[in-house]
Amino acid sequence: MDIDTRLLRYFATVCEEGQLTAAAGRLFVSQPTLTKQIRRLESQLGVTLFRRSRDGVTPTAAGLALAAHTATLLESWEVALRATRQAEAAGGTLRVGFEGSTINLVGLPTIAEFGRLMPGWQVRMRQNNWFDPTSGLASGEIDLALWHAPAGLAREFATARLGTEERWAALSVEHPLTAHETLDFADLLDEPFVAIPQEAGAWRDYWLGTEERGGRAARIATVAHNADEWLAAVACGQGIGLAPESMRRLAPRPDVAFRPVRGLSPSQVGLYWLRDQPVTPAMVAFIRSCRETVEIG
């Protein structure tokens, strides 16, 4: 039987926390998403892993049996991952994840500067996976992630800050609000939004402006599964969205208008990695290259 190691990690975190809400917070996923994944694991194993009550969750006998082996399984997998990554590092490849259009922040000058600092090395760029809140950092698929993120995320991940950037509204050019040069977020609260998947956890909330909504739920018109799909939905008038200010120049479309929004906190733009991950010379060189060549805003 094949089991996704992410499900085991979710299971282990729920066991440690004893609360789905607290575990979801640690994992950067929503509670419904975490509940769904635990049920998926239970379905695959054919057992009930937790008893649920008002006070939280308690492992069943089957859950305790699995918990006794989970730490060893995950540790063995981490050892295998480190060995795999070290083998690839010997070949001189740094893996960097990007959000949608932000891949365009990094161009030939950045890669050339990195090559000067790390002769013989290459940069492999990959668009971030919206179904993984860590974009592949936790699974070891990437070494660094370039994110537009809330400032608080720097408490959870190690960060090399590159700058700050405002969140703007993206709308179809036919939308009546494009008549305004600047928008108030209060005027967008009842607008239908193009959302990213629920599996994105805190990222979905961030790009819906949940913190600034004062408890009012966002109206979700449609869900996009990647950046191109998201932009196409906005262009077609299926909903509006929030995006980094730089998107208007990095991914312009004649059928999409971008407007500044008052009442939203700015994004912190930076390169992020796991706090317990050793910082390699290649990571340091790429951070330095970005600081020399990447223009924010």
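Each remark here, short or long, concerns the structure printed above.
The present account deals with the structure reproduced in this document. Keep in mind it's a predicted model, so treat the numbers as computed, not measured.

Reading the values: the criteria
- Residues numbered from 1 in each chain as written.
- Predicted model: local features only at pLDDT ≥ 70, side-chain atom pairs only at ≥ 80, totals over all residues.
- Heavy atoms only, no water.
- Helix = DSSP H or I, 4+ residues; strand = E, 2+ residues; numbered from the N terminus.
- Rg over C-alpha atoms; globule rule 2.2 N^0.38 Å.
- Buried < 20%, exposed > 50% of the residue type's maximum accessible area, 1.4 Å probe, protein only.
- Contact = heavy atoms within 4.5 Å.
- Areas by Shrake-Rupley, 256 points an atom, 1.4 Å probe, with all protein chains shown as cover.
- Lys, Arg positive; Asp, Glu negative; His and termini not counted.
- Charge placed at Lys NZ, Arg CZ, Asp CG, Glu CD.
- Pairing = 2+ DSSP bridges.
- Axes fitted to C-alpha atoms, helices over the stretch in contact; angles between N-to-C directions.
- Salt bridge = Lys/Arg side-chain N within 4 Å of Asp/Glu carboxyl O.
- Phe/Tyr/Trp six-rings, centres within 6.5 Å; stacked < 30°, edge-to-face > 60°.
- Lys NZ or Arg CZ within 6 Å of the ring centre and 35° of its normal.

1. Things to note about the overall build of the protein
Within the protein one finds nine helices and 13 strands. At 21 Å, the protein has a C-alpha radius of gyration in line with the 19 Å of a compact globule built from 297 residues. Structurally, the protein occupies a C-alpha span of about 60 × 55 × 30 Å along its principal axes. Burial statistics for the protein: of 297 residues in total, 47% are counted as buried. Contacts spanning at least 24 positions in sequence make up 74% of the contacts within the protein whose residues lie at least 6 apart. Within the structure as shown, the protein displays about 14,700 Å² of accessible surface, and the carbon and sulfur contribution to it stands at 52%. Charge separation in the protein, taken as the distance between the mean sites of 30 positive and 34 negative side-chain charges, equals 3 Å.

2. A few points about the sheet that holds strand 13 (residues 267-273)
Read across the sheet, five strands follow the order 4-3-5-13-6 without closing on themselves; strand pairing throughout is mixed. Each of the sheet's edge strands pairs with one partner strand only, and the pair in question is strand 4 (122-127) and strand 6 (158-165). Here the strands of the sheet are splayed against their neighbours by 20° on average, with no regard to which way each runs. Where strand 6 meets strand 13, seven bridges bridge the pair, whose relative direction is antiparallel. The partner of Arg161 across the bridge, within strand 13, is Gly270.

3. Here's the deal with the pattern of salt bridges
Taken as a whole and judged by the stated rule, the model has 13 salt bridges. The closest approach of N and O atoms between Arg52 and Glu42, which form a salt bridge, is 3.8 Å. On the criterion of sequence distance, the pair formed by Arg52 in strand 1 (residues 50-53) and Glu42 in helix 3 (residues 31-45) is long-range, its members being 10 residues apart. Of the residues examined, Arg52 reaches a relative accessible area of 40% and is grouped as partly exposed. On the basis of relative accessible area, Glu42 is assigned to the buried category, the value being 10%. Here Arg262 ties to Asp184 by a salt bridge, and the two come within 2.8 Å at their closest N and O atoms. Highlighted residues: Arg262 in strand 12 (residues 256-262) and Asp184 in strand 8 (residues 183-184), separated in sequence by 78 residues.

4. Overview of the packing of aromatic side chains
The final tally for this structure, using the stated rule, is seven aromatic pairs. Between Trp147 and Phe157, the aromatic rings sit 5.2 Å apart at their centres with planes inclined by 85°, giving edge-to-face as the arrangement. With Trp147 in strand 5 (residues 144-149) and Phe157 in the loop between strand 5 and strand 6, this pair connects stretches of sequence that are 10 residues apart. For the residue pair Trp147 and Phe157, the accessibility class agrees, reading buried in each case. Following the ring pairs from residue to residue traces out a cluster consisting of Phe28, Trp147, Phe157, Trp203 and Tyr272. Directly above the aromatic system of Tyr206 lies the positively charged group of Arg167, at a separation of 4.0 Å from the ring centroid. Over the face of the ring belonging to Phe193 we find Arg213, whose NZ or CZ atom lies 4.9 Å from the ring centre.

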